[in-house]
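Observations on the three-dimensional arrangement
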Amino acid sequence: MPFGEDYLELLGQIGNFTKEVTGVSIVDAYFGPRNLSPEKAKRRLSPEKLLMNLEISIGKAKEIDDELRRIAITSDLESLKVVVKWLRGENIPYIRLVEGIFGITPRKFGQNEIRKAQQIVEDACTVLPGFDVSEKILKWEKENKISGETLKKVIDTVIVERTQEIGGLFEKHIFAHFPTKVENKGVIYKTVKGEPWGAYNYYQGNYTSINVFNIDMPFNKYRLIAVLCHEYEHHVANLFEEKYYRENKSLDLSAVLLHTKRCIINEGTADCARDFLGLQLSGEYEEFIESLSNLRSMIGLNVAYMLNVENVDEETAAEYIASEGFRPVDEARKMIGFSKPLTPDGKPNFFKPYVYTYFFGRRDYVLPTFQKAQKKGKVKEFFQTLYLNPYSRSSATWKIAFSRI
Ligand SMILES: [Zn+2]
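Basis of the calculations
Numbers given for residues are sequential positions, taken from 1 along each chain in its written order. Local features in this predicted model are restricted to residues of pLDDT 70 or higher, and side-chain atom pairs are both shown and tallied only at a pLDDT of 80 or more, whereas totals for entire chains, interfaces and linings draw on every residue. Runs of E in the DSSP output that reach at least two residues are strands. Runs of H or I that reach at least four are helices, and both are numbered from the N terminus. Computation of the radius of gyration draws on C-alpha atoms, with the globule rule given as 2.2 Å multiplied by the number of residues to the power 0.38. Counting other C-beta atoms within 10 Å of a residue's own tells you its class, since 20 or more makes it buried, 12 or fewer makes it exposed, and anything in between is partly exposed; those C-beta atoms are placed from the backbone. Contacts here follow a simple rule: the backbone-placed C-beta atoms of the two residues must lie within 7 Å. For two strands to be treated as a pair, DSSP must find no fewer than two bridges joining them. Orientation is described by lines fitted to C-alpha atoms, with helices fitted over the stretch in contact, and by angles between N-to-C directions that extend from 0 to 180 degrees. Domain start and stop positions are those given by an automatic or database domain assignment. By definition, a residue's bend is the angle between the axes fitted to the seven residues ending there and the seven starting there. In this usage, the nonpolar core is the set of buried Ala, Val, Leu, Ile, Met, Phe, Trp, Tyr and Cys residues whose C-beta atoms join them within 7 Å. What makes a crossing left-handed is the near helix being turned counterclockwise from the far one by less than a right angle; a clockwise turn instead makes it right-handed. Residue classes follow a fixed rule: Ala, Val, Leu, Ile, Met, Phe, Trp, Tyr, Cys and Pro count as nonpolar, while Asp, Glu, Lys and Arg count as charged, and any other residue, Gly among them, counts as polar. Here a helix's expected span is defined as the number of its residues, less one, multiplied by 1.5 Å. In what follows, roughly perpendicular refers to angles from 65 to 115 degrees, roughly parallel to angles under 35, roughly antiparallel to angles over 145, and oblique to any angle outside these ranges.

1. What about the overall build of the protein chain?
A tally of regular secondary structure across the protein chain gives 15 helices and seven strands. On C-alpha atoms alone, the protein chain measures out to a radius of gyration of 21 Å, which is about the 22 Å that the 2.2 N^0.38 rule sets for 405 residues. Expressed along its principal axes, the backbone C-alpha trace of the protein chain runs to roughly 70 × 50 × 40 Å. A buried classification covers 44% of the 405 residues belonging to the protein chain. Excluding contacts between residues fewer than 6 apart, the proportion of contacts in the protein chain whose partners are at least 24 apart in sequence is 70%.

2. Observations concerning the sheet that holds strand β4 (residues 199–205)
Two strands in a sheet stick together by hydrogen bonds in their backbones, pointing the same way (parallel) or opposite ways (antiparallel). If you walk across this open sheet you meet the three strands as β3-β5-β4, and the pairing is mixed. The open sheet has two free edges, formed respectively by β3 (187–192) and β4, since each of these has just one partner strand. Each adjacent strand pair in this sheet contributes to an overall mean axis angle of 25 degrees, direction not counted. Where helix α7 (residues 148–173) meets the sheet, its contacts fall on β3 and β5 (208–214), and the angle it forms with β3 comes to roughly 160 degrees.

3. Here we look at the environment of G268
Note on placement: G268 falls in helix α9 (residues 262–277). Measuring from C-alpha to C-alpha, the distance between G268 and L367 comes to 7.8 Å, with 99 residues separating the pair along the chain. Excluding residues that lie within four positions of it along the chain, G268 makes contacts with G361, R362, Y365 and V366.

4. A few points about the domain arrangement of the protein chain
Domain parsing of the protein chain yields domain 1 (5–102) and domain 2 (111–401). With centres defined by C-alpha atoms, the gap from domain 1 to domain 2 works out at 25 Å. Between domain 1 and domain 2, the residue contacts involve 34 residues of the former and 35 residues of the latter. Sorting the residues of the side of domain 1 that touches domain 2 by element identifies α1 (5–22), β1 (27–30), α3 (67–87) and α4 (94–102) as the ones contributing at least two each.

5. Section: α7
Where α7 bends most, at I155, the angle is about 45 degrees. Those residues of α7 lying buried are L151, I155, T163, I166 and F170. Tucked inside the fold, the buried residues of α7 contact β2 (145–146), β3, β5, β6 (219–220), α8 (224–248) and α9.

6. Thoughts on the nonpolar core
Counting 105 residues, the largest nonpolar core has L11, I14, V83 and I321 as its most contacted members. Built from parts of two domains, this core gets at least three residues from each of domain 1 (5–102) and domain 2 (111–401).

7. Focus: the packing of α1 against α3
How two helices sit against one another is set out by the angle between their axes and by the gap between those axes. Orientation of α1 relative to α3, taken along the N-to-C sense of each, is 35 degrees, at an axis distance of 10 Å. Like other packed secondary-structure pairs, α1 and α3 cross with a definite hand, here left-handed. Contact residues: α1 offers I14, F17, T18, V21 and T22, while α3 offers L80, V83, V84 and L87. For the contact of α1 with α3, the per-class residue count stands at seven nonpolar, two polar and no charged.

8. Concerning the pairing of β5
Of all seven residues that make up β5, five are buried, and the element is covered over most of its length. Here β3 runs beside β5; their pairing, made up of six bridges, is parallel. Directly across from V187, in β5, lies its bridge partner S209. Here β4 pairs with β5 via six bridges, running antiparallel. Bridge pairing in β5 links G205 to T208. Between β4 and β5, which pair antiparallel and follow one another directly, the connecting turn spans two residues, one of which, N206, has a positive phi of 55 degrees.

9. Focus on the environment of M298
Looking at the secondary structure, you find M298 in helix α10 (residues 286–308). Along the chain, M298 and P328 lie 30 residues apart, while their C-alpha atoms are 17 Å from each other.

10. Concerning unusual backbone geometry
Backbone geometry places Y207, a non-glycine residue, at a positive phi of 65 degrees. The backbone of N311 shows a phi angle near 55 degrees, a positive value even though the residue is not glycine. We classify N311 as exposed; it has 9 C-beta atoms within 10 Å.

11. A look at α9
Here α9 is 16 residues long and its end C-alpha atoms lie 22 Å apart, about the 22 Å a rise of 1.5 Å per residue gives. A bend of about 45 degrees at D271 is the largest found in α9. For α9, a buried count of 14 out of 16 residues is recorded, marking the element as mostly surrounded by other parts of the structure. Note on α9: the residue one or two positions beyond its end, G278, has a positive phi of about 65 degrees.

12. Quick word on the packing of α7 against α8
Interhelical geometry of α7 versus α8 gives an angle of 55 degrees and a closest axis separation of 10 Å. With respect to α8, the axis of α7 lies oblique. The two elements α7 and α8 meet at a crossing, and its hand is right-handed. On the side of α7, the interface is formed by I159, R162, T163, I166 and F170, while α8 contributes I225, L228, C229, Y232 and V236.

13. Examining the environment of E39
Mapped onto the elements of the fold, E39 is located in the loop between β1 and α2 (47–61). Separated by 352 residues in sequence, E39 and Y391 have C-alpha atoms that sit 24 Å apart.

Structure, rendered in structure tokens:
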């Protein structure tokens, strides 16, 4: 079997295993041949057998000629080994788990760093009415909060329109740099309840996505455009991955995985989409919203650390988010679902290591390289590498892929 078929079969088996243990498959999207679909990998293999097959696959991956492809796939398989070990019940401390999957070592931002980020928010919120910073922000959030039925309505109207605008900006600022067009059948929107995340891109294959909003989560109307850009960039990245797979018959690219070093870049680029497109959220609030998002990302990482390393209880974590991140405590409780150790039905929380991808993907990889490309007049080269070579999209290959920028 050429490299690809047995690899896809293995991914399907690991996906079935992680789904059985956590409710979530590591195979996030699949658009390869139907007869190789991971869903068809019915055979139930023990985690021990999965680990053995991973080793065999790593051995084969090491023989791939193309450097970026070899490194990206080998690194993916190494991450998956850690996922299987974790979910078969090995006692892996949280710090080792995040390190093993993403190559990032969790640490807590100190009180000084948090205080500094809060000071920037405080300085930026002079545009808001109110007495002190906390009162100002809580009031502003309350006035601009959208969720539930209101959010549903906004999705059917405003969001569909704004998505077309964003699609146009991608054409103008990014696709224009490419020699050939990518097919794009667009995204449709749906809503759900009860998920631990706010929004999600489910890439369907055949150049289309379903982007889902969780109407249980509170959205701020000024931040909606940021969420749209984030999810739309996932759609675009997947379009190019599918195109590459179809043109080059690279079977390995037909399955999009969670919990690999590719996620760091995928979330980093999604969080940089507004920078790529030169899109502002809202003139007068721009600086304030950016500073608040940055603070809340730091708080979110600290909370993941508190819940998983320091073993604090959920109420303490929620109070920390509320007091340090200026949120009402009932909203703060909803924010910990993504990183707490167990899901409400007592399963291991699949997403608990994932919170580390966004902040570091943007800060340590995508944004600095993009800014460097802008300074050196190499934006075209940056986008070509990022979108036309899917193997550049891993923190394991990033430095080599962008070495000429
Ligand atoms: Zn994302």
